[in-house]
Amino acid sequence: YLSNPFALIAYGGGFAAGTMIGIWLERVLALGLQAVRVINTNPDVSLAERLHEAGYPVTEVEGRGLKGDVEFCYIVVPRDQVKPLSEFIFDIEPKAFLSVEDVRETLGGVIRQSRSSMPAWMRLIKFK
C-alpha cells in the first residue's frame, strides 16, 4: 500500500494516535517510582528536616556548589506523589533546584507509600 497516499496517512495517524494514548495512559496510571533530587543553596532553610517532618524518607548529603555549601536531598516516591512533593518543596524554598528521573528497581530502604487508596487500574476512569 505504499503507492496509496490515504493508506500512508492512515498509518501515520494511527501510529501517532497510539503513541498519544499510550502517553495519556502512563500519566493517568502513574505507576512506578521516581527519584527526586533537590539542591538547596539557602543555608537558612533545612529542606531535609522539613521533609522528614512531613513524612518523606529523605537522604541528605552536604555538598559544595558554585557559590558555596549546598544541601542535597534525595527522595524516592511513587509517581503520583512527585507533583505534591515538588509543590511542597517550592513552598519552602522557591529557589530550590529539582531533578526527577524514573527508578527501575529498588532494594531495601524506605519508600513512602502512595496516598491513593484507588487501585491504579481504576484511575483510568477518573479523568484528570
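Located above this text is the structure these notes cover.
These figures come from a predicted structure and were not determined experimentally.

Caption draft 1: Expanded view of the overall build of the chain. Helices and strands together make up the secondary structure of the chain, namely three helices and four strands. Taken from N to C terminus, the helices and strands of the chain fall in the order α-β-α-β-β-α-β. Residues counted as buried form 27% of the 128 residues belonging to the chain. Here the analysis covers contacts within the chain between residues at least 6 apart in sequence; of these, 76% occur between residues at least 24 apart. For the chain, the exposed area adds up to about 9,300 Å²; of that, 60% sits on carbon and sulfur atoms.

Caption draft 2: Main features of the environment of D80. With respect to the secondary-structure elements, D80 resides in the loop between β3 (68-78) and α3 (82-92). When its relative accessible area of 23% is taken as the criterion, D80 is described as partly exposed. When the C-alpha positions of D80 and L29 are compared, they lie 8.5 Å apart, and in sequence the two are 51 residues distant.

Caption draft 3: Representation of the nonpolar core within the structure. Among the nonpolar cores identified, the biggest contains 17 residues, and V38, I75, L85 and I89 are the most heavily contacted of them. With four residues, the top contributor of residues to this core is α3.

Caption draft 4: How the structure looks around the pattern of salt bridges. Scanning all chains against the criterion turns up three salt bridges. Between R64 and D69 there is a salt bridge; the shortest N-O distance is 3.3 Å. Residues R64 and D69 agree in their burial class; the two are exposed.

Caption draft 5: Fine view of the packing of aromatic side chains. One pass over the structure, following the stated rule, counts two aromatic pairs. Summarising the aromatic geometry, the rings of Y56 and F88 are spaced 6.2 Å apart at their centres and angled 35° between planes, so their arrangement reads as tilted. In this pair, Y56 is assigned in the loop between α2 (47-53) and β2 (58-65) and F88 in helix α3, connecting sequence segments 32 residues apart.

Caption draft 6: Just the sheet that holds β2, in detail. The four strands lie next to each other as β2-β3-β1-β4, forming an open sheet whose pairing is antiparallel. Of all the strands in the sheet, the pair left with one neighbour each is β2 and β4 (97-103). Neighbouring strand axes in the sheet, compared pairwise and without regard to direction, differ in orientation by 20° on average. Relative to β3, strand β1 (residues 33-40) runs antiparallel, the two sharing eight bridges. Within β3, the position partnered with Q34 by the bridge is V77.

Caption draft 7: Structural view of the side chain of E71. Relative to the assigned elements, E71 resides in strand β3. In this structure E71 is buried but unpaired, with R50 as the nearest side chain of opposite charge at 10 Å. A distance of 3.0 Å separates a polar atom in the side chain of E71 from the backbone nitrogen of A48. If we skip the residues at most four places from it in the chain, E71 touches V38, I39, N40, V45, S46, L47, A48, E60 and V61.

Caption draft 8: Highlighting a negative patch on the surface. A cluster of acidic residues, E49, E53, E60 and E62, forms a negative patch at the surface. Among the structural elements, E49 can be located in helix α2.

What counts and what doesn't
Residues numbered from 1 in each chain as written. Predicted model: local features only at pLDDT ≥ 70, side-chain atom pairs only at ≥ 80, totals over all residues. Heavy atoms only, no water. Helix = DSSP H or I, 4+ residues; strand = E, 2+ residues; numbered from the N terminus. Buried < 20%, exposed > 50% of the residue type's maximum accessible area, 1.4 Å probe, protein only. Contact = heavy atoms within 4.5 Å. Areas by Shrake-Rupley, 256 points an atom, 1.4 Å probe, with all protein chains shown as cover. Core = buried A, V, L, I, M, F, W, Y, C linked by side-chain atoms within 4.5 Å. Salt bridge = Lys/Arg side-chain N within 4 Å of Asp/Glu carboxyl O. Phe/Tyr/Trp six-rings, centres within 6.5 Å; stacked < 30°, edge-to-face > 60°. Pairing = 2+ DSSP bridges. Axes fitted to C-alpha atoms, helices over the stretch in contact; angles between N-to-C directions. Lys, Arg positive; Asp, Glu negative; His and termini not counted. Polar contact = N/O pair within 3.5 Å; in protein donor to acceptor, adjacent residues only side chain to side chain. Patch = residues over 30% accessible without salt bridge, like charges linked within 9 Å, V, L, I, M, F, W, Y side chains within 5 Å. Charge placed at Lys NZ, Arg CZ, Asp CG, Glu CD.

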